[in-house]
Amino acid sequence: RPIHYCADPSVLGAPFYVMERVQGLILRGKTAHRLGIDPAWMQDIARTWIEELAALHALDVQAVGLADLGRPHGYVRRQIEGWQRRYRRSRTHDLPEIEQVGTWLHEHMPPESGAALIHNDYKYDNVVLSPQDGRSVIAILDWEMATVGDPLMDLGTSLGYWLEPGDPEVMQQIALSPTTLPGNPNREQVVAWYEEASGRSVPQPVFYYVYGLFKVAVIMQQIFARYQAGYSRDPRFAGLIHGVRSCAQMAQRAIQRNQLS
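Residues numbered from 1 in each chain as written. Predicted model: local features only at pLDDT ≥ 70, side-chain atom pairs only at ≥ 80, totals over all residues. Heavy atoms only, no water.

This next bit is on the overall build of the protein chain. Per the secondary structure count, the protein chain includes 9 helices and 6 strands. In summary, the protein chain has a C-alpha radius of gyration of 19 Å against a globular reference of 18 Å for 261 residues, a match within 12%. In terms of overall dimensions, the protein chain has a C-alpha envelope of 50 × 45 × 40 Å along the principal axes. Buried residues in the protein chain amount to 45% of all 261 residues. In the protein chain, the share of contacts with a sequence separation of at least 24, taken over all contacts with a separation of at least 6, comes to 76%. Element-wise, carbon and sulfur atoms account for 51% of the exposed surface of the protein chain, whose accessible area totals about 13200 Å². Looking at charge distribution, the protein chain has the averaged site of its 25 positive side-chain charges lying 7 Å from that of its 28 negative ones. (Helix = DSSP H or I, 4+ residues; strand = E, 2+ residues; numbered from the N terminus. Rg over C-alpha atoms; globule rule 2.2 N^0.38 Å. Buried < 20%, exposed > 50% of the residue type's maximum accessible area, 1.4 Å probe, protein only. Contact = heavy atoms within 4.5 Å. Areas by Shrake-Rupley, 256 points an atom, 1.4 Å probe, with all protein chains shown as cover. Lys, Arg positive; Asp, Glu negative; His and termini not counted. Charge placed at Lys NZ, Arg CZ, Asp CG, Glu CD.)

Pasting the structure below:
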């Protein structure tokens with residue numbers, strides 16, 4: 001819950017807001033592996049996480065006063081072309097595979113599936129679980145990229161972060177969410193559970209998954225470019241270029257096999 005917004009930049013150097021603090025459990029990367037989450041508990045968390053995404057997409061944006069938050073018409077095209085531009089601006093290596101994935105996305109854009117409030121960075125470490133039962137979602141964090149757009153593109157972003165145990169080791173090392181813990185569904189099941197919870201059909205799941213991988217790859221490329229230019233010295237960023245390549249290769253494999261796993 002937002003508590004206060006201050007538009008005066010003289011206070012902190014920029015406009016800012018203060019939000020309510022929520023006490024709960026956040027699942028982050030490798031730290032979640034030390035919590036002793038059994039498969040049944042993990043499956044309950046996964047179902048709740050997917051149901052909350054579906055509930056977010058079901059909100060009436062007119063009723064909640066957010067209809068003017070974004071421009072849903074043409075959203076799919078703007079996203080594909082926008083992430084292609086961001087990649088070109090931050091490119092540091094010759095990686096034809098990522099260029100090919102971007103071209104494939106541009107050539108295979110599906111019709112828009114509608115307009116909804118979308119989070120645009122929905123993954124395990126952006127939700128807070130109840131400290132009482134560890135299963136129910138009591139808050140969703142990091143709304144900075146939220147807009148009104150195509151809900152299936154939001155699902156695609158989440159699929160891009162969703163790793164399975166058999167995915168490349170380089171991706172396992174930089175995983176942001178513990179999606180490989182026993183009890184988690186695979187990506188095909190994530191889509192099926194989302195369809196069940198939302199009542200929406202996902203007719204071209206491979207497109208949305210490939211979009212998610214491309215988006216994650218470009219984000220890593222942007223961070224790596226800043227690291228290489230000396231704007232960041234965080235050693236964790238030194239190997240991100242390998243993650244960019246791996247995302248592109250996973251996307252190409254999904255396209256060739258026409259499947260998510």
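So, on to unusual backbone geometry. Even without being a glycine, Asn-120 presents a positive backbone phi close to 80°. Classification of Asn-120 as buried rests on a relative accessible area of 6%. The phi dihedral of Asn-258 falls on the positive side, at around 55°, and the residue is not glycine. Along the chain, Asn-258 falls in the segment after helix 9 (240–257).

We now examine the nonpolar core. Of all hydrophobic cores here, the largest spans 64 residues; its most connected members are Leu-27, Leu-105, Tyr-124, Met-153, Tyr-194, Phe-207 and Val-210. The leading source of residues in this core is helix 8 (residues 205–228), at 13 residues. Discounting chain neighbours no more than four positions away, the residues touching Phe-207 are Val-76, Ile-80, Trp-104, Leu-105, His-108, Met-109, Pro-110 and Met-153. (Core = buried A, V, L, I, M, F, W, Y, C linked by side-chain atoms within 4.5 Å.)

At a minimum axis separation of 7 Å, helix 5 (residues 151–161) and helix 8 run at an interaxial angle of 65°. Classified by chirality, the crossing of helix 8 by helix 5 is right-handed. Contact with helix 5, carried on its side by Leu-152, Met-153, Gly-156, Thr-157, Leu-159, Gly-160 and Tyr-161, involves Phe-207, Tyr-208, Tyr-209, Tyr-211, Gly-212, Leu-213, Lys-215, Val-216 and Ile-219 of helix 8 and no other residues of that element. Residue composition of the contact of helix 5 with helix 8, grouped by class: 11 nonpolar, 4 polar and 1 charged. (Axes fitted to C-alpha atoms, helices over the stretch in contact; angles between N-to-C directions. Left-handed = near helix turned anticlockwise from the far one by under 90°. Nonpolar A, V, L, I, M, F, W, Y, C, P; charged D, E, K, R; others polar.)

Before going further, it helps to examine the environment of Met-171. Looking at the secondary structure, you find Met-171 in helix 6 (residues 169–173). Residue class for Met-171 comes out buried when judged on its relative accessible area of 5%. For Met-171, the contacting residues outside a window of four places in its chain are Leu-163, Gly-243, Ser-246, Cys-247 and Met-250.

For the rest of this paragraph, the subject is a positive patch on the surface. A surface patch of positive charge is lined by Arg-85, Arg-86, Arg-88 and Arg-89. For Arg-88, the location among the structural elements is in helix 3 (residues 75–90). (Patch = residues over 30% accessible without salt bridge, like charges linked within 9 Å, V, L, I, M, F, W, Y side chains within 5 Å. Salt bridge = Lys/Arg side-chain N within 4 Å of Asp/Glu carboxyl O.)

Okay, the environment of Trp-162 next. Checked against the element boundaries, Trp-162 lands in the loop between helix 5 and helix 6. Classification of Trp-162 as buried rests on a relative accessible area of 2%. If near-sequence neighbours (up to four positions away) are discounted, Trp-162 is found in contact with Trp-49, Tyr-124, Asp-167, Thr-179, Asn-184, Pro-185, Asn-186, Arg-187 and Val-190.

Together, Tyr-5, Tyr-17 and Met-19 line one region of the surface with nonpolar side chains, adding up to about 370 Å² of accessible area. Locating Tyr-17 in the fold gives a position in strand 2 (residues 16–19). Given a relative accessible area of 47%, Tyr-17 falls into the partly exposed group.

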